[in-house]
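Single-letter residue listing:
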Amino acid sequence: GNAQSSSSDPICKSAVMVRQTATKGAIMLRLNRDEEWITEMQYFLGRFKKEYVDTGIIPEDNFFWESGGERYHKFLERTKELSESVEFVAFIDHQKIQRVVFEHNVKG
C-alpha cells in the first residue's frame, strides 16, 4: 500500500507534548494538527535560518515584526488561536518521574 498521505488527510492528526520542570512534575498536552500553520512555521524557520543562522547575524528583538509584514502577523494570530485549543491530557507528579542523575565527569 501507499504510505504517503495528502495534506487533506494527514496520518498524524495531533501531537502530545510533555512539558517538564526540574522540580514540579510534568504536564501532557494535546495539540491538534494544522497544515496551514505548519507550512507557515516552516517558511519562517527557513527564513530565520537564511537571514540569521547562515549569516551569523544576531537577530534583533521582534526580528520579523516589521519585515514579516501581514503574513507574520497572521501567523502570530493563528498561533495564539491554536494555543487556545490545546487540550490538557494529564499532570504527572514530580515524585512519579524517573530521572537519571549523572555524577560529575561521567558521560552518559
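Throughout what follows, the structure given in this document is the object of discussion. (Residues numbered from 1 in each chain as written. Predicted model: local features only at pLDDT ≥ 70, side-chain atom pairs only at ≥ 80, totals over all residues. Heavy atoms only, no water.)

### Description of the side chain of R47
Inspection of the secondary structure assignment puts R47 in helix α1 (residues 35–53). If we skip the residues at most four places from it in the chain, R47 touches F64, S67 and G68. (Helix = DSSP H or I, 4+ residues; strand = E, 2+ residues; numbered from the N terminus. Contact = heavy atoms within 4.5 Å.)

### Some details on α1
With 19 residues, α1 ought to run about 27 Å at 1.5 Å a step, and its terminal C-alpha atoms sit 25 Å apart, in line with that. At its buried positions, α1 is contacted by α2 (69–83). (Expected span 1.5 Å × (residues − 1).)

### Looking at the pattern of salt bridges
In this structure the tally under the stated criterion is 8 salt bridges. Residues E81 and R78 are paired through a salt bridge, measuring 2.9 Å at the closest nitrogen-oxygen approach. Of the two residues, E81 and R78 are both situated in helix α2; the distance of 3 residues between them amounts to about one turn of the helix. Judged by relative accessible area, which is 36%, E81 ranks as partly exposed. Residue K80 pairs with E84 through a salt bridge whose shortest N-O separation is 2.7 Å. A relative accessible area of 44% places K80 in the partly exposed class. By relative accessible area, E84 is classed as exposed at 55%. (Salt bridge = Lys/Arg side-chain N within 4 Å of Asp/Glu carboxyl O. Buried < 20%, exposed > 50% of the residue type's maximum accessible area, 1.4 Å probe, protein only.)

### Side note on the pairing of strand β1 (residues 14–20)
Sheet analysis places β1 next to strand β2 (residues 26–32), joined by 7 bridges and oriented antiparallel. Paired with S14 across the strands is N32, a residue of β2. (Pairing = 2+ DSSP bridges.)

### Section: the layout of surface pockets
A probe as big as a water molecule, rolled over the atoms, marks out the empty space that is left. Volume-wise, the largest pocket comes out at about 280 Å³. Contributing to the lining of the largest pocket are 14 residues, with L31, N32, R33, W37 and L82 lying nearest its centre. Elements that contribute at least two residues to the lining of the largest pocket include exactly β1, β2, α1 and α2. Per-class residue counts for the lining of the largest pocket are 7 nonpolar, 5 polar and 2 charged. (1 Å grid on protein atoms, 1.4 Å probe; cavity = no way out; pocket = protein on both sides within 12 Å on 5 of 7 lines; lining within 4 Å. Points joined across faces, edges and corners; volume = space filled by probe spheres on them. Nonpolar A, V, L, I, M, F, W, Y, C, P; charged D, E, K, R; others polar.)

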